[in-house]
Each structure stands twice: as C-alpha cells, then as structure tokens.
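A look at the structure
Okay, here's what each chain looks like letter by letter:
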Amino acid sequence: MTDRLVSPVLIDEYASKDALVIYVGKQCSKGIHTPQKDINDMMIEFVMQGKLVVRLKGGDASLFSNILDELETLKKNHVPYEIIPGISAAFGAAAYTGIPLTARNHSKGVRMLTLCDLKSIEHKQWKDWAKTSDA
C-alpha cells in the first residue's frame, strides 16, 4: 500500500512485478481519500492471509502521517513490523540547497506544523508564530 507522494517510477522500477500495489493516498481537496480505518483493515486482512505487507510512505513515516493509527492496529493484532525512516522534503530540500536549519548563531529552532483544521487555530497563535525569534 502506497501513499500518493511516493513516485510511481520507484514502484514501477523496484516493486516485484507480482506485487499487488494499492494506492491509498489522501488528497482531500481533490476528492481523493482512503479512510485510515480502511487502510488499517486492509493491512491486517493481507497479513492474516499470510502476505508480506509493505506500507510505503513518502518522506519520513513519522512526520505528517498517520503512523500512530497504523502502529496501534498492528500492535493490537500482534503483527510484527519494521519502520525504515525516510527523509522529509522539509529536511531534504534544506540539505540539497545547503541551508542549515539550525545553524549556530543563525537559527534557534525549527517548527513543523500540520494545519489540517485551520479553524482550530486561534488568532493569538498566528500572532505568536509570526513574532517568533526562532528564525
């Protein structure tokens, strides 16, 4: 099962020709959405059939993803798993361009925000983020 951020070229080139590739990405603004429960259920269904399941995510699996839901499902069903970390585009782009995100005397920190529900952000929070001295 693969997210939409994984390049189809990688799947075409490296996945076994016998592999069943299921696209389960989310892009709600375009009406593309596989509910997380369905993804969790499919993983368990295939494991119970004795199949090797690979959950392929773009970037780092623990950043901006539903890894917690998936891990809880695997643990609840006593399914062993292995996480192979990737590189988030935020860090990869900075490294590629030679911009250190936390260089001494230049930056005090990095903030990663996931804003799935903009309405839940209070005006005060926007103001606090805008005046941060992290830069």
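These numbers were taken from a predicted model, which means no experiment stands behind them.

Scanning the protein for helices and strands turns up five helices and zero strands. Walking the protein from its N terminus toward its C terminus, one meets helices and strands in the order α-α-α-α-α. In terms of overall size, the protein is more extended than a compact globule, its C-alpha atoms giving a radius of gyration of 18 Å where 135 residues would be expected to give roughly 14 Å. Taken along the three principal axes of its C-alpha coordinates, the protein extends 55 × 35 × 30 Å.

Summed over all chains, the structure comprises one aromatic pair. Both rings, one in Trp 126 and one in Trp 129, keep their centres 5.3 Å apart while their planes meet at 85°; by these two values the pair is edge-to-face. Of this pair, Trp 126 and Trp 129 both sit in helix 5 (residues 123-130), three residues apart, roughly one helical turn. For Trp 129, a relative accessible area of 21% translates into the label partly exposed.

A few words on the confidence of the model for the protein. Considering every residue of the protein, the mean pLDDT works out to 86; 93% of them sit at 70 or more. When mean pLDDT is taken per element in the protein, helix 2 (residues 36-48) scores highest with 95 and helix 5 scores lowest with 85.

One side chain can pair with another of opposite charge once the charged atoms of both are near each other. Overall, the coordinates contain five salt bridges when judged by the stated rule. Here Lys 37 makes a salt bridge to Asp 41, at a shortest N to O gap of 2.7 Å. In this pair, Lys 37 and Asp 41 both sit in helix 2, four residues apart, roughly one turn of the helix. Owing to a relative accessible area of 57%, Lys 37 belongs among the exposed residues under this scheme. In this structure, Lys 124 and Asp 128 form a salt bridge, with 3.1 Å as the shortest nitrogen-oxygen distance. Here the residue Lys 124 and the residue Asp 128 both occupy positions in helix 5, the gap between them amounting to four residues, near one helical turn. Residue class for Asp 128 comes out partly exposed when judged on its relative accessible area of 31%. Look at the salt bridges and you will find they share partners, linking Asp 3, Arg 55, Lys 57 and Glu 70 into a network.

We now examine a nonpolar patch on the surface. A grouping of Phe 64, Ile 87, Phe 91, Ile 99, Leu 101, Val 110 and Met 112 is seen on the molecular surface, where their side chains present a nonpolar patch of about 630 Å² in accessible area. Checked against the element boundaries, Phe 64 lands in the loop between helix 2 and helix 3 (67-76).

Judged by nonpolar contacts, Met 1, Val 24, Ile 39, Met 42, Met 43, Ile 44, Phe 46, Ala 61, Ile 67, Leu 71, Leu 74 and Val 79 together constitute the single largest core of twelve residues. Here the element with the most residues in this core is helix 2; it accounts for five residues. If we skip the residues at most four places from it in the chain, Leu 74 touches Met 43, Ile 44, Val 79 and Tyr 81.

Turning next to unusual backbone geometry. With a phi angle near 55°, His 78 is a residue other than glycine that sits in the positive phi range. By relative accessible area, His 78 is classed as exposed at 71%. Its identity is not glycine, yet Asn 105 carries a phi of approximately 70°, on the positive side. For Asn 105, a relative accessible area of 78% corresponds to the exposed category.

Analysis parameters
- Residues numbered from 1 in each chain as written.
- Predicted model: local features only at pLDDT ≥ 70, side-chain atom pairs only at ≥ 80, totals over all residues.
- Heavy atoms only, no water.
- Helix = DSSP H or I, 4+ residues; strand = E, 2+ residues; numbered from the N terminus.
- Rg over C-alpha atoms; globule rule 2.2 N^0.38 Å.
- Phe/Tyr/Trp six-rings, centres within 6.5 Å; stacked < 30°, edge-to-face > 60°.
- Buried < 20%, exposed > 50% of the residue type's maximum accessible area, 1.4 Å probe, protein only.
- pLDDT = per-residue confidence, 0-100.
- Salt bridge = Lys/Arg side-chain N within 4 Å of Asp/Glu carboxyl O.
- Patch = residues over 30% accessible without salt bridge, like charges linked within 9 Å, V, L, I, M, F, W, Y side chains within 5 Å.
- Areas by Shrake-Rupley, 256 points an atom, 1.4 Å probe, with all protein chains shown as cover.
- Core = buried A, V, L, I, M, F, W, Y, C linked by side-chain atoms within 4.5 Å.
- Contact = heavy atoms within 4.5 Å.

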